[in-house]
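One-letter residues, chain by chain:
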Amino acid sequence: MKVATKETVAIKEVVSKKDLLKWVRFPNKLYKGNKNFVPFLESDEIDTFTKGKNPSYEFCETKLFLAYKDGKIVGRIAGLINFAYNEKWGQNAIRYTRFDFIDDYEVSEKLLGAVVDWGRERGYNQIMGPMGFNDTDHQGMLVEGFDQLNMSLTFYNYPYYVDHMERLGLSKSIDWIEYRIKCPESPDVHIERISHHLLDHGRYNVVTYTDRKTLYNDAFEAFKVVDEAEAVLFGTVPLTPAVIKNMIDNYIPLVHLDYICSVKDTEGRIVAFGVMVPSLAKAFKKAKGRLLPFGIVHMLKALKGHNDTLEMYFVAVDPKHQMHGVPAILIDTLVRKCIDHKVACCETGPMLEDNVAVHSLWKYFDKEQHKRRRCYSKSI
């Protein structure tokens, strides 16, 4: 780890749109030339941290900070108070997110210190992160898999971040792990047997989509299933109607209809929902996080052309139906779609290490656990 030089690090709160743009763009400079870093879309990040654009501000509050040294930006962080999380879990915590910095301990110390000071002023006694507005926001600091291409939905960070976290007195709360799953040449006979048994006996009906209007109408009910399925998971907060609508409005234009399905019971209620999207990681890299002038072209090629890698956005089953074999219907349907489109592999995205239910979905597949992310916390 580099030793801090004599120059003083100055911390500045982000209050203007100009500073917000600098804050959003800093990681692109920090990771310039890194082959595994994937930038987020600037427009998405700006909307995420703009009241009136992000409905999560109904139950959250933020403060954003930039670190300067020798007149240059050398780090950034966001402090986030999630009132819904504290109420649901009986906690008294402030979160941090988008924590990026050069390899200089004075920088990381002062950035985190700015959030800690704000948290203490507001009466909080714990800090945790990286954690965002809700479970669909980016979370978890990379601690394994630095040599792997990042997903379009997750943070990338340098290995030295881990050393800084430990020196800052932060320790592990929980980890998320990620799998790269190889697409099989044919459906798994065990999963297929369970799926066919349930469908043939009329207990459930699998629904695939051919138009976005039908999907849009079903999506509101489907996200309620996602919310209920994830309710017991670490750090989650209830998805409000406004948050659900915002996610649907953002995701519907991106999805490839062939990679989405839902499972309905005999009364027509959605009990399971699965969404996979052609990987946008390489497209985002080419676009450098910007839609214009050519970013949208790279995205459309990734979404509409042949893409042999998928990212799993959601795989959720109503808890009341998880033990009835419903996950097999979902997985069998999606696997067949992958085989038809000659998909090579799927990236699961972060899954809590203690989420036995979701890990069991992949036990019949050839998979590699190639990344690990961590939530760090400490008393303040």
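Our structure is the block above this text.
It should be emphasised that the depicted structure is a prediction, and the values quoted were computed from it without experimental measurement.

*Asks:* Honestly, the side chain of Thr-333 in this entry has me stumped. Any pointers?
*Replies:* Within the element layout of this structure, Thr-333 appears in helix H11 (residues 326-340). On the basis of relative accessible area, Thr-333 is assigned to the buried category, the value being 12%. Once residues lying within four places of it in the same chain are set aside, the contact partners of Thr-333 are Val-206, Thr-208 and Cys-261.

*Asks:* What's the story with the packing of helix H6 (residues 189-200) against H11 in this structure? I'm lost.
*Replies:* Think of two packed helices as two axes; the pair is described by the angle between the axes and how far apart they sit. Remark: H6 packs on H11, axes separated minimally by 8 Å, with the N-to-C direction vectors making an angle of 115°. For the element pair H6 / H11, the angle class is roughly perpendicular. Handedness of the H6/H11 crossing: left-handed. Residues Ile-191, Glu-192, Ile-194, Ser-195, His-196, Leu-198 and Leu-199 of H6 touch H11, and the partners they reach there are Val-326, Ala-328, Ile-329, Ile-331, Asp-332 and Arg-336. A per-class count over the contact of H6 with H11 returns eight nonpolar, two polar and three charged.

*Asks:* Just to check I follow, could you spell out the pairing of strand E11 (residues 309-317) for this structure?
*Replies:* The side chains of a regular strand alternate between both faces of the sheet. Here E11 lies mainly inside the structure; eight of its nine residues are buried. Pairing geometry for strand E10 (residues 270-278) and E11, over seven bridges, is antiparallel. Bridging from a neighbouring strand, Met-276 pairs with Met-312 of E11. Here E11 pairs with strand E12 (residues 345-347) via three bridges, running parallel. Bridge pairing in E12 links Glu-311 to Glu-347.

*Asks:* Can you walk me through the pairing of strand E14 (residues 367-379) in this structure?
*Replies:* Where strand E5 (residues 126-129) and E14 come together, four bridges link them in antiparallel fashion. Counterpart to Met-128 in the pairing with E14 is Ser-377. Bridging between strand E7 (residues 171-182) and E14 involves 10 bridges; their strand directions are antiparallel. The residue of E14 that forms the bridge with Tyr-179 is Gln-369.

*Asks:* How should unusual backbone geometry be read in this particular structure?
*Replies:* Apart from glycine, the bulk of residues carry a negative phi angle, and the bulk of peptide bonds sit in the trans form. Here the amide bond leading from Gly-129 into Pro-130 is cis, since omega sits at 0°, within 30 degrees of zero. As for its placement among the helices and strands, Pro-130 is situated in the loop between E5 and strand E6 (141-144). Within the chain, Asp-70 stands out as a residue other than glycine whose phi angle is a positive 55°. Relative to the elements of secondary structure, Asp-70 occurs in the loop between strand E2 (60-69) and strand E3 (72-82). A residue is classified by how much of its surface remains accessible, and Asp-70, at 58% relative accessible area, is exposed. Its identity is not glycine, yet Lys-288 carries a phi of approximately 55°, on the positive side. Along the polypeptide, Lys-288 turns up in the loop between helix H9 (281-287) and helix H10 (295-304).

*Asks:* It is not clear to me how the nonpolar core should be interpreted in this structure. Could you clarify?
*Replies:* Among soluble globular proteins, nonpolar side chains are generally buried collectively. Counting 60 residues, the largest nonpolar core has Trp-23, Phe-49, Leu-215, Phe-223 and Val-275 as the members making the most contacts within it. For this core, the leading source of residues is helix H7 (residues 212-230), giving seven residues. One finds Phe-26, Leu-111, Tyr-156 and Tyr-158 within the second-largest nonpolar core, a separate group that totals 38 residues.

*Asks:* It is not clear to me how the packing of aromatic side chains should be interpreted in this structure. Could you clarify?
*Replies:* The geometry of an aromatic ring pair is captured by two quantities: the separation of the ring centres and the angle between the planes. Under the counting rule described, the total for this entry stands at 20 aromatic pairs. Residues Tyr-31 and Tyr-156 carry aromatic rings whose centres are separated by 5.7 Å and whose planes lie at 80° to one another, so their mutual orientation is edge-to-face. In this pair, Tyr-31 is assigned in the loop between helix H1 (17-30) and helix H2 (42-48) and Tyr-156 in the loop between E6 and helix H5 (160-167), connecting sequence segments 125 residues apart. The ring of Tyr-85 has Arg-95 lying over it, and the distance from NZ or CZ to the ring centre is 4.7 Å. The ring of Tyr-105 carries Arg-167 above its face, with NZ or CZ at 3.8 Å from the centroid.

*Asks:* Help me understand the packing of H7 against helix H8 (residues 241-251), please; the structure alone is not making it clear to me.
*Replies:* In the contact formed by H7 and H8, the axes pass within 10 Å of each other and the chain directions differ by 135°. On the basis of their axis angle, the class for H7 and H8 is oblique. Seen along the crossing, H7 lies across H8 with a hand that is right-handed. Listed contacts from H8 to Tyr-216, Ala-219, Phe-220 and Phe-223 of H7 are Ile-244, Lys-245, Met-247, Ile-248, Asp-249 and Tyr-251. Looking at the contact of H7 with H8 residue by residue, the class counts come to eight nonpolar, no polar and two charged.

*Asks:* I would appreciate a short explanation of the pattern of salt bridges in the present structure.
*Replies:* Pairing between side chains becomes possible if they bear opposite charge and their charged atoms approach one another. Taken as a whole, this structure holds 28 salt bridges when the rule is applied. When the shortest N-O distance is used, the salt bridge between Arg-98 and Asp-137 registers 3.1 Å. Remark: Asp-137 occurs in the loop between E5 and E6 and Arg-98 occurs in strand E4 (residues 93-101); sequence separation between them is 39 residues. Each member of the pair, Arg-98 as well as Asp-137, carries the same accessibility label: buried. Between Arg-372 and Asp-175 there is a salt bridge, with its nearest N and O atoms 3.1 Å apart. Separated by 197 residues along the polypeptide, Arg-372 in strand E14 and Asp-175 in strand E7 bring together distant segments of the chain. For the pair shown, Arg-372 and Asp-175 are each scored as buried.

Quick notes on the rules
Residues numbered from 1 in each chain as written. Predicted model: local features only at pLDDT ≥ 70, side-chain atom pairs only at ≥ 80, totals over all residues. Heavy atoms only, no water. Helix = DSSP H or I, 4+ residues; strand = E, 2+ residues; numbered from the N terminus. Buried < 20%, exposed > 50% of the residue type's maximum accessible area, 1.4 Å probe, protein only. Contact = heavy atoms within 4.5 Å. Axes fitted to C-alpha atoms, helices over the stretch in contact; angles between N-to-C directions. Parallel < 35°, antiparallel > 145°, perpendicular 65-115°, else oblique. Left-handed = near helix turned anticlockwise from the far one by under 90°. Nonpolar A, V, L, I, M, F, W, Y, C, P; charged D, E, K, R; others polar. Pairing = 2+ DSSP bridges. Core = buried A, V, L, I, M, F, W, Y, C linked by side-chain atoms within 4.5 Å. Phe/Tyr/Trp six-rings, centres within 6.5 Å; stacked < 30°, edge-to-face > 60°. Lys NZ or Arg CZ within 6 Å of the ring centre and 35° of its normal. Salt bridge = Lys/Arg side-chain N within 4 Å of Asp/Glu carboxyl O.

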